[in-house]
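Residue-level structural notes
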Amino acid sequence: MHRIRLDNTVFEGLNNVYVLDDGPELVLIDAGVALPEVHEQLTEELAALGHDVADVDRVLLTHWHSDHAGLAGAIQSASGATIHVHEADAPLVAGDEASLLEERDLQAEKFREWGMPDDRREELSEFLGDHMDLGGEPCEATPFVDGDRFEVNGRTLEAVHLPGHAAGLTAFHDAGADEAFVGDAILPKYTPNVGGADVRVDDPLGSYVASLLALIDLDPDVAWPGHRDRIDDPAGRAATILRHHVERTRNVVDVLRREGPSTPWAVSAALFGDLHGIHVLHGPGEAYAHLDHLADHGVAERDGTRYALVDDDPDVASLFPDPGIDRVVEWEG
Ligand SMILES: [Zn+2]
Ligand SMILES: [Zn+2]
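Computed from a prediction, not measured in an experiment: that's the story for all the values here.

Time to look at the side chain of D174. Structurally, D174 is set in strand 9 (residues 170-174). There is a polar contact of 3.0 Å between the side chain of D174 and the backbone nitrogen of A177. Setting aside anything within four residues of it in sequence, one finds D174 in contact with R155, T156, L157 and E179.

Okay, structure coming up:
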């Protein structure tokens, strides 16, 4: 197995593409953004490993985001490779117009619900429009579901659905090697965005926390993330991220206590300050995910675009499951 790192100036930093080539088949896990220079980079990096893009047999996608799925269409055009992606994300990767429109309408609706001011909403829509082409050409996508297995050069990769950051986010678990390719389910640095990164996810924080528990339960030796370096203690990292979210919920409760009824936009501003670019989506999305979680648990109440505390001094820890692991795995590098 080899790792190729591709440039990505818009999102979370360099993207990892994993090349499974230890046998007759050439399989990639994820692709990069659909920029000509990144395509060229992928071509060069594959050539350095003795491969041609035209020889790719299959691409397994962890989720639909353009920094992971962008080049899938171009790879398919060149090679006829099959593109595999979870059924929840398949219509977006396939460029299904109704699904794309639905996602954009839903975004617009959420931006209003989050109390985003008009000018910032326009700025964000413009930003998202400008970067639409990073999603690349549509491809023929073969959907899979949780538990499906892929036999690759003698390895068995099992699809483990981990929704939250994206509706279809899936890790590919190789039980034999005790390793998992996790996309953006957990990252070595930062907590993957929930709430903004895929507005289609219902109960984004609740589903993400359930996915973290599933990863803790899976407990692979090693995780290969979509960005940055390998994670040597994936369960510990998942538990650390879960505790970050408990802490963030405490901060959200503090904001509501201090400021009174607030929109996700206002809570985001209090937590993260003034935001630009993709963060205009991620900041209030994250605040919304936490406020929604508080409302689901009866701790806060939503009135229009604002959330107010029902319980002024909630036991925040009780709103989250206990990860059962004390280890702290933070980024050092
Ligand atoms: Zn992502
Ligand atoms: Zn990513």
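Listed as protein donors to the zinc ion (ligand 1) are H63 (NE2), H65 (ND1), H165 (NE2) and D184 (OD); their distances from the metal cover 2.1 to 2.3 Å. Within one chain, the residues serving as donors to the zinc ion (ligand 1) are arranged as H-x1-H-x99-H-x18-D. A separation of 3.4 Å is found between the zinc ion (ligand 1) and the zinc ion (ligand 2), which share D184 as a coordinating residue. Among the residues examined, H63 registers a relative accessible area of 0% and is labelled buried. What makes H65 buried here is its relative accessible area of 10%.

Contact geometry for helix 7 (residues 204-218) and helix 10 (residues 279-296): axes closest at 7 Å, N-to-C directions at 90 degrees. Taken together, helix 7 and helix 10 sit at an angle that is classed as roughly perpendicular. Between helix 7 and helix 10, the contacting residues are P204, L205 and G206 on the first element and Y288, A289, H290, D292 and H293 on the second. Class assignment of the residues belonging to the contact of helix 7 with helix 10 gives a composition of four nonpolar, three polar and one charged.

A few words now on helix 6 (residues 118-130). With 13 residues, helix 6 extends 18 Å from end C-alpha to end C-alpha; this agrees with the ideal 18 Å at 1.5 Å per step. Every buried residue belonging to helix 6 is among R120, L124 and F127, and all of these are buried. Projected onto a plane normal to the axis of helix 6, the buried residues spread over an arc of 60 degrees and lie on a single side. Projecting away from the buried face of helix 6 at angles above 90 degrees are the exposed residues D119, E122, E126 and D130. Buried positions along helix 6 lie against helix 5 (97-113), helix 9 (264-272) and helix 10.

Reading the values: rules and limits
- Residues numbered from 1 in each chain as written.
- Chains lettered and ligands numbered in written order.
- Predicted model: local features only at pLDDT ≥ 70, side-chain atom pairs only at ≥ 80, totals over all residues.
- Heavy atoms only, no water.
- Helix = DSSP H or I, 4+ residues; strand = E, 2+ residues; numbered from the N terminus.
- Polar contact = N/O pair within 3.5 Å; in protein donor to acceptor, adjacent residues only side chain to side chain.
- Contact = heavy atoms within 4.5 Å.
- Donors = N, O, S within 2.8 Å, 3.2 Å for Na, K, Ca; no water.
- Buried < 20%, exposed > 50% of the residue type's maximum accessible area, 1.4 Å probe, protein only.
- Axes fitted to C-alpha atoms, helices over the stretch in contact; angles between N-to-C directions.
- Parallel < 35°, antiparallel > 145°, perpendicular 65-115°, else oblique.
- Nonpolar A, V, L, I, M, F, W, Y, C, P; charged D, E, K, R; others polar.
- Expected span 1.5 Å × (residues − 1).
- Arc of directions from axis to C-beta.

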